[in-house]
Amino acid sequence: MLETEDYVTQELVRFRKGDVLVVDASKRAIACGETDAALLRMLQKREVRLYHCADLHAKVLLLDDVAVISSGNMSKSSADGLVEAGLVTDYGTTVSAVASFIEQVIRQSNELLAKDIATLCKIKVVRRDARETGGRKKLRTKVGTLGNRTWLVGVRELVRAPKPDEQKLIDRAIKSLRKQLGNPDEEPSWIRWGLRGRFAGECQKGDTLIQILRSRRAKLPSTVLRATPVLLK
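A brief structural summary. (Residues numbered from 1 in each chain as written. Predicted model: local features only at pLDDT ≥ 70, side-chain atom pairs only at ≥ 80, totals over all residues. Heavy atoms only, no water.)

Scanning the protein chain from terminus to terminus reveals 7 helices and 11 strands. Burial status across the protein chain gives 30% buried among its 233 residues. Taking as baseline every contact in the protein chain between residues at least 6 positions apart, the subset at least 24 positions apart corresponds to 69%. (Helix = DSSP H or I, 4+ residues; strand = E, 2+ residues; numbered from the N terminus. Buried < 20%, exposed > 50% of the residue type's maximum accessible area, 1.4 Å probe, protein only. Contact = heavy atoms within 4.5 Å.)

Moving on, we get to the packing of aromatic side chains. Scanning the entire structure with this criterion turns up 2 aromatic pairs. Residues Trp 151 and Phe 199 carry aromatic rings whose centres are separated by 5.5 Å and whose planes lie at 75° to one another, so their mutual orientation is edge-to-face. Taken together, the residues Trp 151 in strand S8 (residues 150-156) and Phe 199 in helix H7 (residues 198-202) connect sequence positions 48 residues apart. Per residue, the accessibility class of Trp 151 equals that of Phe 199, and both read buried. Its relative accessible area of 11% is what places Phe 199 among the buried residues. Through a chain of ring-to-ring contacts, the aromatic side chains of Trp 151, Trp 193 and Phe 199 assemble into a single cluster. (Phe/Tyr/Trp six-rings, centres within 6.5 Å; stacked < 30°, edge-to-face > 60°.)

As a further point, take the pairing of S8. Of the two faces of S8, only the one carrying Trp 151, Val 153 and Val 155 is buried; Thr 150, Leu 152, Gly 154 and Arg 156 on the other face are not. Pairing geometry for S8 and strand S9 (residues 208-214), over 7 bridges, is parallel. Each bridged residue has a counterpart across the sheet, and for Arg 156 the counterpart in S9 is Arg 214. (Pairing = 2+ DSSP bridges.)

Right, let's talk about the layout of surface pockets for a bit. The computed volume of the second largest pocket comes to approximately 950 Å³. Lining the second largest pocket we find 27 residues, and of these Trp 190, Ile 191, Arg 192, Leu 232 and Lys 233 sit closest to its centre. For the lining of the second largest pocket, the secondary-structure elements that each account for two or more residues are helix H6 (164-181), H7, S9 and strand S11 (228-229). With 6 residues, H6 is the single largest residue contributor to the lining of the second largest pocket. For the lining of the second largest pocket, the per-class residue count stands at 19 nonpolar, 4 polar and 4 charged. (1 Å grid on protein atoms, 1.4 Å probe; cavity = no way out; pocket = protein on both sides within 12 Å on 5 of 7 lines; lining within 4 Å. Points joined across faces, edges and corners; volume = space filled by probe spheres on them. Nonpolar A, V, L, I, M, F, W, Y, C, P; charged D, E, K, R; others polar.)

Another point: the pattern of salt bridges. According to the stated counting rule, one finds 11 salt bridges in the structure shown. In this structure, Arg 28 engages Glu 34 in a salt bridge whose closest nitrogen and oxygen atoms are separated by 3.0 Å. With a closest N to O distance of 3.1 Å, Arg 192 and Glu 166 form a salt bridge. Within this pair, whereas Arg 192 is found in the loop between H6 and H7, its partner Glu 166 is found in helix H6, the two being separated by 26 residues in sequence. Residue classification places Arg 192 among the partly exposed positions, given a relative accessible area of 40%. One continuous salt-bridge network, built from bridges that share partners, spans Asp 24, Arg 28 and Glu 34. (Salt bridge = Lys/Arg side-chain N within 4 Å of Asp/Glu carboxyl O.)

To continue, consider a nonpolar patch on the surface. Nonpolar side chains collect at one region of the surface, where Leu 181, Leu 231 and Leu 232 lie side by side and expose about 240 Å² of accessible area between them. With respect to the helices and strands, Leu 232 occurs in the segment after S11. Take Leu 232: its relative accessible area is 42%, and that puts it in the partly exposed class. (Patch = residues over 30% accessible without salt bridge, like charges linked within 9 Å, V, L, I, M, F, W, Y side chains within 5 Å. Areas by Shrake-Rupley, 256 points an atom, 1.4 Å probe, with all protein chains shown as cover.)

See below:
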């Protein structure tokens, strides 16, 4: 996984050993709380490769052959409060362009070593509220869903085969899809999901699904599957 973020204060993406994160880790960004030095230290201990890029403002994420281009930072405000927009695509030309961009940024950035992060952790932080409204109540901007959603979900292999009642539901769904698609030999894939969470509650037919697969024995994800449409829920 490769990612560039100008400001980082919360780990919204699960980084693992060997992943790359390029951030604005300037003294100014650390001092005003736009980048969290303690978070960088935690990622560095996890053996994530960290780089500082001056004047960085891009927010892009590369997951194997899937690219995410977004306005949001890796922060609580972007996750919960601000109005953000993003594009998720596996279109080859776009993915290649994102990979090239990140590589060029890395080559012109300074790698953050343990000693560098230790120095950043000593900087006094005075956090500022970029959304200060001068005492007036701020109206919350509401944006409805535009078109179909794209979901990034983590999946793993089942430990056991489906129960008889579950298998009946699967067989019934496959039969229904084969009839809809007009292909009796169609073999659609399926996933089993719990009742909690936004994906379970909000995913609808016509949405796009990108699965991040973890094998049965592996502790960390190993493969990002190609985007696929949700045909039945």
